[in-house]
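Residues per chain, in single letters:
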Amino acid sequence: MYRFLLTPRWWGINLFVVLAIPFCVFMGTWQLSRFEDRVQTHNAAEKQPAPGTRAAKPIDDLLPVDTETSGRPATATGRYADQFLVPGRDLDGKSGFYVLNMLRTDSGKALPVVRGWLPGKPGQAAVPGAPTGTVTVTGDLQASENAGTAGAHTAGGLPDGQVGIISAASLINLVPYDVYDAWVTLQDTGGDGGLRPVPATVPQGTGLDLKAFQNLGYTGEWFVFAGFVLFMWFRLLRREAEAARDLQLGLVTGTDTDTDTDAHAHPDADAGKDVAADARADDSDDRAVRSGAEAKADSA
């Protein structure tokens, strides 16, 4: 009764099922592991003290920026050089811009330093100048921004002296020296010209954000798809087995099966046959009526 499993058609079906189910289970397990990693990272971050309360270290000791060093106080010594304004940055529900200065260190590389935030648009508010001479700054370390950062402007077209994203990749095209792949935000602006400190942001991937729950949702989808494949295979197998059993018991014949298949495959043809049969019947009735009328006329 199950000899149909050896047909080429069923070989293809079985091969698909054998490959699809392990693939779905693997992808579901991988998505689940991603969710668990995010949960563990979140728990580890909560157990550690707040980054801003930890002792400050030289910038070179904290690079590259990761989930452990992001937000840590970093120190650097040098002289302020080029200044840029970063428009489209909100603070406490108000629109404004960052004041960004490049701190040239003794190594020759420059550290982007956000000295503070001002309300309004660049050019409409007076921007206080940066301190002169050699200075030592202490600010919260931040990773370079990317296109997904809130407020980042990556479309270009900004006026001279403005930059849309704080990253080494964008700043290195504006200055003639190397740039650290990180930046710091000063929490002590000294009340310089109304500058307000820009709070550090938490590192990406350390919280139970939307991406974490997306991983959990994808896990369920992959496992559901694996169950659906198995269900459809079992349903198709049972239907084929029942058809083979009915054929063995003589309840149906191969001709009946072919006829049913043709009927389902060509319903329009069957409908055409019925219409043609009705037309022939109507034509026969018309001829009979005419013959009866002629016979009555002859007898009259």
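Remember, it's a predicted structure, so these values are computed and weren't measured experimentally.

Phe 84, Tyr 98, Leu 100, Met 102, Val 114, Ile 166 and Leu 171 are the most contacted members of the largest nonpolar core, which has 18 residues in total. Elements with a contribution of two residues or more to this core: β2 (73-91), β3 (94-105), β4 (110-119) and α2 (168-171). When residues no more than four places from it in sequence are discounted, the contact partners of Phe 84 are Tyr 98, Val 99, Leu 100, Met 102, Gly 161, Val 163, Leu 171, Leu 174 and Val 175. Formed by 15 residues, the second largest nonpolar core is a distinct cluster that contains Ile 59, Leu 62, Val 113 and Leu 186.

Our next topic: a nonpolar patch on the surface. On the surface, Phe 225, Phe 228, Phe 231 and Met 232 cluster together into a nonpolar patch covering about 390 Å² of accessible area. By the element assignment, Met 232 lies in helix α3 (residues 210-248).

We now examine the side chain of Arg 115. Summarising the element assignment, Arg 115 is placed in strand β4. A relative accessible area of 4% means that Arg 115 is categorised as buried. A distance of 3.0 Å separates a polar atom in the side chain of Arg 115 from a polar atom in the side chain of Asn 101. A distance of 3.0 Å separates the side chain of Arg 115 from the backbone oxygen of Gly 129, its partner in a polar contact.

Moving on, we get to the environment of Ser 170. Examined against the element boundaries, Ser 170 turns out to sit in helix α2. Once residues within four sequence positions are removed from consideration, Ser 170 is found in contact with Val 163 and Ile 165.

With that settled, the discussion passes to the pairing of β4. Strand residues, when the strand is regular, have side chains that alternate between the two faces of the sheet. Most of β4 sits out of view: nine of its 10 residues are buried. Here β3 folds back onto β4 in antiparallel fashion, the turn holding four residues, of which Gly 108 has a positive phi close to 100°. Relative to strand β6 (residues 183-186), β4 runs parallel, the two being bridged by two bridges. Following the sheet pairing, Val 113 is matched in β6 by Val 184.

Moving on, we get to the pattern of salt bridges. If you walk through the whole model with that rule in mind, you get three salt bridges. Between Glu 240 and Arg 9 there is a salt bridge, and its shortest N-O distance comes to 3.0 Å. Here the residue Glu 240 occupies a position in helix α3, and Arg 9 occupies one in helix α1 (residues 8-47), the gap between them amounting to 231 residues. Glu 145 serves as the salt-bridge partner of Arg 89, at 2.8 Å between the closest nitrogen and oxygen. Placement of the pair is Arg 89 in strand β2 and Glu 145 in the loop between β5 (134-142) and α2, with a sequence separation of 56 residues. Taken individually, Arg 89 and Glu 145 each receive the classification buried, so the pair is uniform in this respect.

A few words now on the confidence of the model for the protein. Averaged over every residue, the pLDDT of the protein is 81; the share at 70 or more is 76%. Taken together, the stretch residues 259-272 has pLDDT below 50 and engages in one contact with residues farther than four places along the chain or on a different chain. Across residues 295-300, where pLDDT falls below 50, the model places zero contacts with residues more than four positions away in sequence or in other chains.

Reading the values: the criteria
- Residues numbered from 1 in each chain as written.
- Predicted model: local features only at pLDDT ≥ 70, side-chain atom pairs only at ≥ 80, totals over all residues.
- Heavy atoms only, no water.
- Core = buried A, V, L, I, M, F, W, Y, C linked by side-chain atoms within 4.5 Å.
- Buried < 20%, exposed > 50% of the residue type's maximum accessible area, 1.4 Å probe, protein only.
- Helix = DSSP H or I, 4+ residues; strand = E, 2+ residues; numbered from the N terminus.
- Contact = heavy atoms within 4.5 Å.
- Patch = residues over 30% accessible without salt bridge, like charges linked within 9 Å, V, L, I, M, F, W, Y side chains within 5 Å.
- Areas by Shrake-Rupley, 256 points an atom, 1.4 Å probe, with all protein chains shown as cover.
- Salt bridge = Lys/Arg side-chain N within 4 Å of Asp/Glu carboxyl O.
- Polar contact = N/O pair within 3.5 Å; in protein donor to acceptor, adjacent residues only side chain to side chain.
- Pairing = 2+ DSSP bridges.
- pLDDT = per-residue confidence, 0-100.

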